[in-house]
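Here is how the chains run, residue by residue.
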Amino acid sequence: MENLDAARLQMAFTLIFHIVFACIGMVMPFFMVVSHYKWLKTKDELYLTLTKAWQKGVAIFFVTGAVSGTALSFELGLLWPEFMKHAGPIIGMPFSLEGAAFFVEAIALGFYLYGWNKLPEKFHWFTGVIIGLSGVASGILVVAANGWMNSPSGFDYIDGQFLNIDPVKAMLNPAWFTQALHMTLAAFTATGFAVAGIHAYQIFKGRRVALHTKAFKIALTFGAIAAILQPISGDISAKDIAERQPVKLAAMEAHYNTEKGAPLYIGGIVDAKTQEVKYKLAIPGMLSFLAFGDFDAEVKGLNDFPEDERPNVPMVHYAFQIMVGIGGVLMLAGLLYFISLKKKKWFANRKYWLFFIALAPLGFIALEAGWIVTEVGRQPWIIHKIMRTKDAVTPMPGIVVSFYTYILVYTTLSIAVTWLMIRQIKVLNAQNN
Amino acid sequence: MLYVVLFFLIFSLYLYVVLGGADYGAGIVEMFSSEENQKITKKTIYRVMGPVWEANHIWIIILIVILWIAFPAYYNILVVNLHIPLTIVLLGVTLRGVAFVFRHYDAVIDNSQKLYDAMFKISSLITPIFLGMVFGGLISGHIVLTEDVSNLSFYEVFIKPWCNVFSILVGLFFAALCAFLSSVLLIGESEARKENIYIRKAAIATIVVFITGLITFMYGYINEYSFVTIFVRDPYAIIAMILSGLLLIPLWITIKKGRRVLSRLFAGLQVFLILLAALVAHFPNIIITKTENVSLLDNIAPESVIKVLGISLIIGGAVILPGLFHLLKSFKMIKILERHNNTSI
């Protein structure tokens, strides 16, 4: 394996894992504080049990997210030293603020986990809120740094030199808001549906139904609201990309030739050689409308760009289809959930729970697919139109060894965390009502 | 503003060495304890480190972020030439963090605890050794700048800088220092009448720190490592080292008298003096390579970047430090109250 491929795969692999851990660690505190709030209000012991069960989940995922994040902060330099040498000072600001937010989160977590019956009730609850807010802030800041790679700004690039650096402008690059909004909603959707699915399974199996129904409702309320809002954010993102990274949009849609009134392809199999998309469903003029709000607008095709400036089209196209497809399903499921709150008898139907069990992994699949669209769609650039990924990779040979090591460690880690979660739930179910 | 940034760089390095070091050391102390004492130590570590250990480890992230933002050229040498030991440190940090959480949060207590404990102890020892080897690598004089690598083998460029006798000695010295810090911290935290375990450990650790430090220096001096030869010619560095050694006297007096806060202050001050000695002798030439010394201040980021970073650090510090202080203080107060209640019952 080439050094560049190994480095890219290692980065992709560690990011795929970190994203899952980080999202759960970022969103679950919100579930926890809602349950905690209900316990303080109603003094219903089930909410206390639930809060304490979720808090263990938060602690475990915070740590796995934190250590995999520490590893990533080093990997940026270890794998892409040339990138960090130039980009480090420019995009340092969101990272230094992220460090601060992360610190606040760790402090708040210390207070929360160890503060039961020791701190004043309201202050203790409030430290839980801080965990959630600083977690989301961390996420947004890191995504802002990624946004800069897609829309580099805050410097002048003259003769291969990065001059007149403005770190604030770099942080508030044109992509930061759309990406951060899309990602935050995605994190809530994915975690909401995943957690709800796990509790739905417990209800399906008839274990501590009262407790798990409370858990299901809290988690899914967050997930459903986010899923219903997500298409709006997706639309903003699409229009943004159409303007800033037209080649990425073209790859997402496997749109080869520039045309007016471009159709939207749904599904299909891409043949990169013949530049054809087979077995697709085409909606005339729709791509033009979605990208520019006008059915007749011209959408640039991949052939307008030099061959060595295009990403891997089939991969980006399939990932995009998966993301949008799942997004649609989850939005409908979210609506269905709100209807079900009015129709109590649905809760007695086993198919209802089966449905939400089946949805559990989908949010995370869509989230990973979305990141594949952003990251693979940015290739061959590490900094859009400024620096190529191949020019940024470490001169140290043999990255493939470190790649396999990471695969081994992270796979083991995920199996262990899953196993630990199963044990938590078993113990929770074994407690008396 | 550069001075603000430098202050935070050294400040976070120092805090990481002291707080993170004591944290690693806890695992080392546990490792070298008898089976019965291991159980006691495990409980004590959880009580002492539980609320703060995550915060302790964030200092290294702050450190690395400051390095890459403000001193990109310096950071570049670090991540390219010391890729391998840094990767091992990362794996160690990962396994250690996971093991810590697993052993305290696993809902079922069974034989898997043995695995978590082993993971925790081994990674607690390996990680600081390799971290020390990174420090050692930077000052060993074996680093080859990438511009000159073409005729050299993989071993010479990517392995020898950190995998040599001198760097390994520095690694062992750093691990011993961690164990020392941790034992001093644990003395004040143990349940009543268990202090003797840690007083003994602190004594052993003091001796090991002294021996590894002495061997490192002698080896460096005999083989004319410029880090050591410059160091011994610098009067300030020598004074700082002597002071650090002399502090052992008040340290042990305060330990014997059970003044735990003071004894910790002395131990922290000792580490500060050691760090200071190394810095005054060499600043800003922190990397010593085969051909030349690389100054931390070579090719620093532009003024605008330093300014924004400095402001961010001041604001971040103003938010974090009081919070951290309050966290440490609250749980210390709680612990003191608990202890008081226990003894009165």
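Everything discussed here concerns the structure shown above.
It should be emphasised that the depicted structure is a prediction, and the values quoted were computed from it without experimental measurement.

Looking only at helices and strands, one finds 14 helices and two strands in chain B. A globule of 345 residues ought to have a C-alpha radius of gyration of about 20 Å, and chain B, at 21 Å, matches this closely. Along the first, second and third principal axes, the C-alpha atoms of chain B reach 70 × 45 × 45 Å. With 345 residues in all, chain B has 52% of them scored as buried. Counting contacts in chain B only where the partners sit at least 6 residues apart, residues at least 24 apart contribute 78% of the total.

Formed by 266 residues in total, the largest nonpolar core has its most connected members in Cys23 and Phe31 of chain A together with Ala70, Val134 and Leu181 of chain B. When residues in this core are grouped by element, the largest group, 18 residues, is from helix α1 (residues 3-42) of chain A. Once residues within four sequence positions are removed from consideration, valine 134 of chain B is found in contact with Leu82, Pro85, Leu86, Val89 and Trp162 of chain B.

Bringing the interface of chain B and chain A into the picture now. If you look at the interface, chain B gives 52 residues, while chain A gives 52 residues. Looking at the side of chain B that touches chain A, the elements with two or more residues in it are α3 (53-70), α4 (72-81), α5 (83-105), α7 (154-159) and α14 (303-344) of chain B. Here the element with the most residues in the side of chain B that touches chain A is α14 of chain B; it accounts for 14 residues.

Its 23 residues place the ends of helix α8 (residues 165-187) of chain B 33 Å apart at the C-alpha level, agreeing with the 33 Å of an ideal helix rising 1.5 Å per residue. Of all the 23 residues making up α8 of chain B, 21 are buried; the element is thus mostly covered by neighbouring parts of the structure.

Residue and element names in this part refer to chain B. Closest axis-to-axis distance for the helix α9 (residues 195-222)/helix α10 (residues 226-233) pair is 7 Å, and the angle between their directions is 105°. Looking at the two axes, α9 sits roughly perpendicular to α10. Taken together, the residues of α10 that come into contact with α9 (itself represented by Phe217, Gly220 and Tyr221) are Phe227, Val228, Thr229 and Val232. Split by residue class, the contact of α9 with α10 holds five nonpolar, two polar and no charged.

The next subject is the packing of helix α11 (residues 313-342) of chain A against helix α13 (residues 362-378) of chain A. The description of two helices packed together rests on the angle between their axes and the distance between the axes. Residues and elements named next belong to chain A. Contact pair α11 / α13: the axes reach a minimum separation of 8 Å and the direction vectors enclose 145°. For the element pair α11 and α13, the recorded crossing hand is left-handed. Across the interface between the two elements, Met315, Val316, Ala319, Phe320, Ile322, Met323, Ile326, Gly327, Val329 and Leu330 of α11 pack against Leu362, Gly363, Ile365, Ala366, Ala369, Gly370, Ile372, Val373, Val376 and Gly377 of α13. The residue makeup of the contact of α11 with α13, split by class, is 16 nonpolar, four polar and no charged.

Let's shift gears to the pairing of strand β4 (residues 264-271) of chain A. Within a regular beta strand, the side chains point alternately toward one face of the sheet and then the other, so they alternate between its two faces. Residue and element names in this part refer to chain A. Note that β4 and strand β5 (residues 276-283) share seven bridges and pair antiparallel. Each bridged residue has a counterpart across the sheet, and for glycine 267 the counterpart in β5 is lysine 280. Two successive antiparallel strands, β4 and β5, enclose a turn made up of four residues, where glutamine 275 displays a positive phi of approximately 60°.

Reading the values: the criteria
Residues numbered from 1 in each chain as written. Chains lettered and ligands numbered in written order. Predicted model: local features only at pLDDT ≥ 70, side-chain atom pairs only at ≥ 80, totals over all residues. Helix = DSSP H or I, 4+ residues; strand = E, 2+ residues; numbered from the N terminus. Rg over C-alpha atoms; globule rule 2.2 N^0.38 Å. Buried ≥ 20, exposed ≤ 12 C-beta atoms within 10 Å, placed from the backbone. Contact = placed C-beta atoms within 7 Å. Core = buried A, V, L, I, M, F, W, Y, C linked by C-beta atoms within 7 Å. Expected span 1.5 Å × (residues − 1). Axes fitted to C-alpha atoms, helices over the stretch in contact; angles between N-to-C directions. Parallel < 35°, antiparallel > 145°, perpendicular 65-115°, else oblique. Nonpolar A, V, L, I, M, F, W, Y, C, P; charged D, E, K, R; others polar. Left-handed = near helix turned anticlockwise from the far one by under 90°. Pairing = 2+ DSSP bridges.

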